[in-house]
Structures are given as structure tokens and as C-alpha cells.
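Here is how the chains run, residue by residue.
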Amino acid sequence: MATPTVDPAQCRAAVEAVAAWLADDTVDAPPRPSLATAVRLTARTLPQLAPGNSVEVRVPPFVAVQCIEGPRHTRGTPPNVVETDPRTWLLLATGLTSLDEALAAGTIDVSGSRADEVADLLPITPLKIR
């Protein structure tokens with residue numbers, strides 16, 4: 001099943017709806033539907049930017065997508081996986097943190113020789129916090 005095409009305007013609106021929480025983690029977390037929408041739309045943009053099946057990006061409990069051209073896996077755990085929590089993913093997707101910073105903080109798991117190529121696709125929806 002193909003990943004639905006993401007409208008950039010809808011993606012930006014979803015990210016802006018959670019921006020206060022991204023800027024300040026002491027702010028109450030956004031409602032679950034708002035958080036889910038922002039995570040799903042940003043992650044589902046990856047296959048549009050880099051179609052393929054060689055890297056799987058997982059943001060439980062909301063989404064998992066495959067992207068980046070290369071060898072396709074068909075069973076079990078893919079050889080290249082990026083997995084993180086929703087807040088870290090959105091910080092990455094907005095450019096408020098980098099993959100290296102998330103790795104140093106221990107908030108992301110990256111496995112496989114190609115998983116770090118996801119960093120080349122970020123940020124998806126740049127956000128500037130004042």
C-alpha cells in the first residue's frame with residue numbers, strides 16, 4: 001500500500017499546532033490527535049523526498065515509513081532502522097535538533113549502515129523558535 005501524498009501546507013499547519021511544546025518542554029503536551037497528525041504528516045513526507053524501502057523510520061505509536069532507494073527487505077526487521085519518540089522526531093523534522101544531537105542525548109536509535117541517511121532529508125518543515 002502506497003503512503004498517501006502529504007500536502008506541505010497541512011504538514012506546516014500540523015507542526016505549528018505543536019510548536020509551543022517543541023519550543024518549551026515544560027508546556028503541556030499537545031492533545032494526542034494534534035501530536036499524531038504532526039508526527040504522521042512529517043514522517044510520511046520522507047518517502048516523497050526519497051522514495052524507496054531501504055530505511056524504515058519508526059515513531060511509535062503513530063507511524064512507520066520506509067524511504068531511501070536501495071535493497072528492499074521483505075520479512076522481519078529491516079537492516080536500516082531509525083526509531084525515536086514523537087517529540088524527538090518532531091524536533092528533528094523541524095530542524096530544532098540534529099541527528100547527532102539526538103544520538104548524543106540517547107533519544108534516538110539508529111541501526112544499519114544507511115539509517116543515518118535520513119539526516120540528509122531533514123528538516124522537513126523548518127521551524128524557527130523566537
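Now for a quick tour of the structure. If you're wondering where the values come from, they're calculated on a predicted model, not measured in any experiment.

### Description of the sheet that holds strand 4 (residues 108–111)
Logical step 1: A sheet is described by the order of its strands in space; here four strands give the open sequence 2-1-3-4, paired in mixed fashion. The open sheet has two edge strands with one neighbour each: strand 2 (63–67) and strand 4. Strand-to-strand, the axes of this sheet are offset by a mean angle of 10 degrees, without reference to chain direction.
Logical step 2: As defined by bridge partners, strand 1 (residues 55–59) adjoins strand 3 (residues 81–84) across three bridges and the pair is classed as parallel. Bridging across to strand 3, Val57 finds its partner in Val82.
Logical step 3: Packing of helix 3 (residues 32–49) onto the sheet brings it into contact with strand 1 and strand 2, and relative to strand 2 it is tilted by some 15 degrees.

### Concerning the pairing of strand 2
Logical step 1: Side-chain alternation along strand 2 places Val63, Val65 and Cys67 on a buried face and Ala64 and Gln66 on a face that remains uncovered.
Logical step 2: Sheet topology note: the strand 1/strand 2 ladder contains five bridges and is antiparallel. Across the sheet, the residue bridging to Val55 is Cys67, located in strand 2.

How each quantity is defined
- Residues numbered from 1 in each chain as written.
- Predicted model: local features only at pLDDT ≥ 70, side-chain atom pairs only at ≥ 80, totals over all residues.
- Heavy atoms only, no water.
- Pairing = 2+ DSSP bridges.
- Helix = DSSP H or I, 4+ residues; strand = E, 2+ residues; numbered from the N terminus.
- Axes fitted to C-alpha atoms, helices over the stretch in contact; angles between N-to-C directions.
- Contact = heavy atoms within 4.5 Å.
- Buried < 20%, exposed > 50% of the residue type's maximum accessible area, 1.4 Å probe, protein only.

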